[in-house]
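This is what each chain is made of:
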Amino acid sequence: MDPRNTPGYRLHRSLTNLKRIETAGLDDADQERIEAARALLQDVSLLTQPQHSGDADTQIKS
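It should be emphasised that the depicted structure is a prediction, and the values quoted were computed from it without experimental measurement. (Residues numbered from 1 in each chain as written. Predicted model: local features only at pLDDT ≥ 70, side-chain atom pairs only at ≥ 80, totals over all residues. Heavy atoms only, no water.)

Caption draft 1: A look at the packing of helix α1 (residues 9–20) against helix α2 (residues 28–48). Packing of α1 against α2 leaves a shortest axis separation of 10 Å and a crossing angle of 150°. Here α2 runs roughly antiparallel to α1, going by the angle between their axes. Judged by the sense of rotation from one axis to the other, the crossing of α1 with α2 is left-handed. Residue-level inspection shows Leu-11, Ser-14, Leu-15, Leu-18 and Lys-19 of α1 in contact with α2, the latter providing Ile-34, Ala-37, Arg-38, Leu-41, Gln-42, Val-44, Ser-45 and Thr-48. Residues that form the contact of α1 with α2 fall into these classes: seven nonpolar, four polar and two charged. (Axes fitted to C-alpha atoms, helices over the stretch in contact; angles between N-to-C directions. Helix = DSSP H or I, 4+ residues; strand = E, 2+ residues; numbered from the N terminus. Parallel < 35°, antiparallel > 145°, perpendicular 65-115°, else oblique. Left-handed = near helix turned anticlockwise from the far one by under 90°. Contact = heavy atoms within 4.5 Å. Nonpolar A, V, L, I, M, F, W, Y, C, P; charged D, E, K, R; others polar.)

The structure is reproduced here in structure tokens:
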């Protein structure tokens, strides 16, 4: 089975690629955008995990 067909593959790859970006040489606005994108993808990743789908105690920070 092709791993690209598994649920969450693209989300995982996007998050992995964002984590690899070196932000030290970027300006402040770009650093903030990358951090915001990382945070959003991590939140979505938590929501898409099967063990969290029916958990009523899950809290998402906004």
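Caption draft 2: Broad picture of the pattern of salt bridges. Inspection of the entire model under this criterion finds two salt bridges. Arg-33 is the salt-bridge partner of Asp-30, the closest N and O atoms lying 2.6 Å from each other. Residue Asp-30 and its partner Arg-33 are located together in helix α2, separated by three residues, close to a single helical turn. With its nearest N and O atoms 2.7 Å apart, the salt bridge here joins Arg-38 to Glu-35. (Salt bridge = Lys/Arg side-chain N within 4 Å of Asp/Glu carboxyl O.)

Caption draft 3: How the structure looks around α1. In a regular helix each residue adds 1.5 Å, so 12 residues correspond to 16 Å; α1 covers 17 Å between its end C-alpha atoms and thus fits that length. Listed as buried for α1 are Leu-11, Leu-15, Thr-16 and Leu-18. Looking straight down α1, one finds its buried side chains confined to an arc of 165°; they lie on one side. Facing away from the buried side of α1 by over 90 degrees, the exposed positions are Arg-10 and Arg-20. The elements touched by buried residues of α1 are α2. (Expected span 1.5 Å × (residues − 1). Buried < 20%, exposed > 50% of the residue type's maximum accessible area, 1.4 Å probe, protein only. Arc of directions from axis to C-beta.)

Caption draft 4: The arrangement of α2 in detail. Here α2 contains 21 residues, and its C-alpha end-to-end distance of 30 Å stays within 8% of the 30 Å for a straight helix at 1.5 Å per residue. Of all the residues in α2, the buried ones are Ile-34, Arg-38 and Asp-43. Here the buried face of α2 lies against α1.

Just geometry here; none of it tells us what the structure is for.
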